[in-house]
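If you want the building blocks of each chain, they are given just below.
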Amino acid sequence: MADTHETTPTSKTPDSVFVGEGVGKKSESAVLLGVLPRGDIRRDLSDPLEELELLASTANIEVFDRVIQKLDRPNAATYCGSGTVQKVAQLARDTGADTIICDNDLSPAQLRNLEKTCERKVVDRTDLILDIFARHAKTLQARLQVELAQLEYARPRLRKMWSHLTGEQGGIGFRGPGEKQLEMDKRMLGKRIKDLKQKLADIRKRKVREVSTRSEIHTIALIGYTNAGKSTLFSRLTDTDAYVADKLFATLDTKTRPFQVKTRIKGVLSDTVGFIDHLPHRLVESFHATLEEVLQADLLVHVVDVSGDDPLRHVESVDDVLKKIGCVDRPTIMALNKVDQVDPALLPFFVSRLPRSVPISAKTGAGVEQLREAIADELTKNDRPCRVSAPMHEGRFIAALDARASAMSQRVKEDRLILDMSISNDFLSQALRSSYNRDDIKYKWLDEDGATEQRDEEQSLEDPGA
Ligand SMILES: Nc1nc2c(ncn2[C@@H]2O[C@H](COP(=O)(O)OP(=O)(O)OP(=O)(O)O)[C@@H](O)[C@H]2O)c(=O)[nH]1
Ligand SMILES: [Mg+2]
């Protein structure tokens, strides 16, 4: 990690200038610049630029130096104070860094002014995140989503790109599908954006259909801050190999696999894209299709890295994104991950602050059985004993019960199947909707005296006590 310079807007004499070590070059090099406005919670972190540095490293950028300035609010024209702009420009010249990366989103004017003074390309947090997404996007859907977000973000900045960066080739904000698009005029850009939105809407429709066909089985989605350990837990729970890396946004496409929660309780588990503080709004919008599994899940397992600097802040960021995508009040279990790296004395604090939480280590497997128990309990919390009588040919209905019931025994009586099970009212109703002839199916809740449906009187179910 490079040294960090703190500057104040009042300092009259320039601070001593740090000359970076000429470290071996990655594809690009940068000076990081963070303005911490009054009230910004990052002011309390031991290293406010740690996440930006990790983002830069994920984007294969070598960080040569770092500058932090505490201000009441970012300067409207230049983002940081004028002394700090000069200082950053000097550091970039001295270290040979080719880019300045700012830890906030900048207005087109701030970008232009900083670029002019520093004579370097200036990128903001959203540019950097979009660049990482562009590098990691593998499937058609992910590529379209990133392209849309890039174009939407670039549109108001087109003038900046042209007037200041002519001759600049490649690099952040210029990579991936956005690269050739930035040469188009705004009208063409608008047309491409419309086209992308249409394509993504079609994909989303297909996805909604695909996900809703899973409605007869339990659906569980792993969500959480990027790098929290979702894919590691996914691999452990489903016995498959998911891509795990100590990088931000290693996973961009949702992966879904069969998940045997416990004996008799099965479902499908989805591994999803990680969230981050101030996730670009455009990106959240364009990743709606990818997040379909989250929107449709019966249960969310929110993975939190409790070994990190500020786990509770990460939890808040994730909750914010969930709200943005319209996913609220969903049953959620908190998986407090990486406990192998946490002082056990700290755990009770997190457990008390985060309801329904289970400490685990996805890496070592500690606590994962307890997590399975908690998932099973949550999925079956509304189950009640029920007896169902159905004709033998109601295969689809019986399969739907089988997928959702947490306990089931069956026997044949005359030409009918008698099933004793534990199931929730909702899932029984859902299964009934998949039957060929609903009127030929009888059921009775075993915990309620005589609470059978009216028509059961014609062909009464056996006495449950018999
Ligand atoms: N010590 C420790 N490391 C873990 C644990 N779980 C995951 N990791 C590490 O944390 C890093 C990130 O893990 P991933 O599973 O890729 O995290 P993710 O949440 O899927 O990340 P994104 O897909 O980038 O959002 C990897 O280096 C893992 O090896 C754990 O329980 N303990
Ligand atoms: Mg992952």
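From a predicted model like this one, the values you see are computed outputs, not experimental measurements. (Residues numbered from 1 in each chain as written. Chains lettered and ligands numbered in written order. Predicted model: local features only at pLDDT ≥ 70, side-chain atom pairs only at ≥ 80, totals over all residues.)

J.: Is there a simple way to think about the overall build of the protein chain in this case?
T.: When helices and strands are tallied, the protein chain shows 16 helices and 15 strands. Evaluated residue by residue, the protein chain yields a buried proportion of 41% over its 466 residues. (Helix = DSSP H or I, 4+ residues; strand = E, 2+ residues; numbered from the N terminus. Buried ≥ 20, exposed ≤ 12 C-beta atoms within 10 Å, placed from the backbone.)

J.: Help me out: how do you make sense of the packing of helix H1 (residues 50–58) against helix H4 (residues 125–136) in this one?
T.: If you want to describe how two helices pack, look at the angle between their axes and the distance between the axes. Their axes nearest at 9 Å, the elements H1 and H4 cross at an angle of 35°. In this structure, the crossing between H1 and H4 has a hand that is left-handed. Note on element contacts: H4 touches H1 through Leu128, Ile129 and Ile132, opposite Leu55, Ala56 and Thr58. Here the contact of H1 with H4 is composed, by residue class, of five nonpolar, one polar and no charged. (Axes fitted to C-alpha atoms, helices over the stretch in contact; angles between N-to-C directions. Left-handed = near helix turned anticlockwise from the far one by under 90°. Contact = placed C-beta atoms within 7 Å. Nonpolar A, V, L, I, M, F, W, Y, C, P; charged D, E, K, R; others polar.)

J.: What should I look at first to understand the site of ligand 1 in this one?
T.: The environment of ligand 1 is made up of 24 residues, and the closest members are Gly229, Ser231, Thr251, Gly274 and Lys363. When residues of the shell around ligand 1 are assigned to their parent elements, the largest contribution, three residues, is made by helix H9 (residues 230–238). (Near = placed C-beta within 6 Å.)

J.: Help me out: how do you make sense of the nonpolar core in this one?
T.: Buried together is how nonpolar side chains tend to be arranged in soluble globular proteins. If you look at the biggest cluster of nonpolar residues, it comprises 95 residues, and the most contacted ones within it are Ala30, Val31, Ala56, Ile100, Ile101, Phe133 and Ala335. Counting residues per element, this core draws most heavily on helix H5 (residues 140–154), which supplies seven residues. Every residue in contact with isoleucine 101, bar those within four places of it in the chain, is listed here: Ala30, Leu32, Leu33, Leu52, Ala56, Val123 and Leu128. (Core = buried A, V, L, I, M, F, W, Y, C linked by C-beta atoms within 7 Å.)

J.: Looking at this structure, how should I read the pairing of strand S10 (residues 332–337)?
T.: Within a regular strand, the side chains alternate between the two sheet faces. Counting buried positions along S10 yields six of six residues, so the element is predominantly enclosed. Where burial is concerned, the two faces of S10 agree: the one with Thr332, Met334 and Leu336 and the one with Ile333, Ala335 and Asn337 are both buried. One ladder, built from six bridges, connects strand S9 (residues 299–305) with S10; its direction is parallel. Note on S10: the bridge partner recorded for leucine 300 is threonine 332. This β-α-β element, S9 to helix H12 (residues 311–324) to S10, shows right-handed connectivity. Of the pairings in the sheet, the one linking S10 to strand S11 (residues 357–359) comprises three bridges and is parallel in character. For methionine 334, the partnering residue across the bridge sits in S11 and is serine 357. (Pairing = 2+ DSSP bridges. Right-handed = clockwise from strand over helix to strand, strands pointing away.)

J.: Explain the confidence of the model for the protein chain here, please?
T.: Low pLDDT means the predicted atomic positions in that stretch should not be read closely. With 83% of its residues at a pLDDT of 70 or more, the protein chain has an overall mean of 82. When mean pLDDT is taken per element in the protein chain, S10 scores highest with 97 and helix H6 (residues 158–164) scores lowest with 46. Residue range residues 159–169 is modelled with pLDDT below 50. Its contacts to residues more than four positions away, or to other chains, number nine contacts. (pLDDT = per-residue confidence, 0-100.)

J.: Explanation requested: the sheet that holds strand S14 (residues 416–423) in the structure shown.
T.: Two pairing modes exist for strands in a sheet, parallel and antiparallel, and in both the strands are linked by backbone hydrogen bonds. An order of S13-S14-S12-S15 is seen for the four strands of this open sheet, with the pairing classed as antiparallel. With one partner strand each, in any of the chains shown, strand S13 (407–413) and strand S15 (442–445) form the two edges of the open sheet. Along the sheet, successive strands turn relative to each other by an average axial angle of 15°, direction set aside. Helix H15 (residues 395–404) contacts strand S12 (384–391), S13 and S14 of the sheet and is inclined by roughly 25° relative to S14.

J.: Sorry, what's going on with the packing of helix H2 (residues 82–95) against helix H3 (residues 108–118) here?
T.: Two elements in contact, H2 and H3, have axes whose closest approach is 9 Å; the angle formed by their N-to-C orientations is 50°. One finds that H2 runs oblique with respect to H3. Crossing geometry of H2 relative to H3 is assigned as right-handed. Residues Val85, Val88, Ala89 and Ala92 of H2 form the contact with H3, whose own contacting residues are Leu114, Thr117 and Cys118. Of the residues assigned to the contact of H2 with H3, the class counts are six nonpolar, one polar and no charged. (Parallel < 35°, antiparallel > 145°, perpendicular 65-115°, else oblique.)

J.: Can you help me understand H9 in this one?
T.: The α-helix winds at 3.6 residues per turn, so residues separated by three or four positions along the chain end up facing the same way. All buried positions along H9 are accounted for by Lys230, Ser231, Thr232, Leu233, Phe234 and Leu237. Close packing links the buried residues of H9 with strand S6 (218–224), strand S7 (255–262), strand S8 (265–271), S9 and S10. Positive phi shows up at aspartate 239, right after H9, with a value of about 60°.

J.: Quick question: what am I supposed to make of H4 here?
T.: With 12 residues, H4 extends 17 Å from end C-alpha to end C-alpha; this agrees with the ideal 16 Å at 1.5 Å per step. With 11 of 12 residues buried, H4 lies mostly within the body of the structure. What H4 keeps buried is the set Arg125, Thr126, Asp127, Leu128, Ile129, Leu130, Asp131, Ile132, Phe133, Ala134 and His136. (Expected span 1.5 Å × (residues − 1).)

J.: Where do I start with the sheet that holds S10 in this structure?
T.: Ordered in space as S7-S8-S6-S9-S10-S11, the six strands form an open sheet in which the pairing is mixed. Sheet topology places S7 and S11 at the edges, where each strand pairs with a single neighbour. Ignoring which end each strand starts from, the neighbouring axes of this sheet average 25° apart. Of the strand pairs in this sheet, S6 and S8 are connected by five bridges, and their pairing is parallel. Each bridged residue has a counterpart across the sheet, and for alanine 221 the counterpart in S8 is serine 270. Lying on the sheet, H9 is in contact with S6, S7, S8, S9 and S10; it crosses S8 at an angle near 155°.

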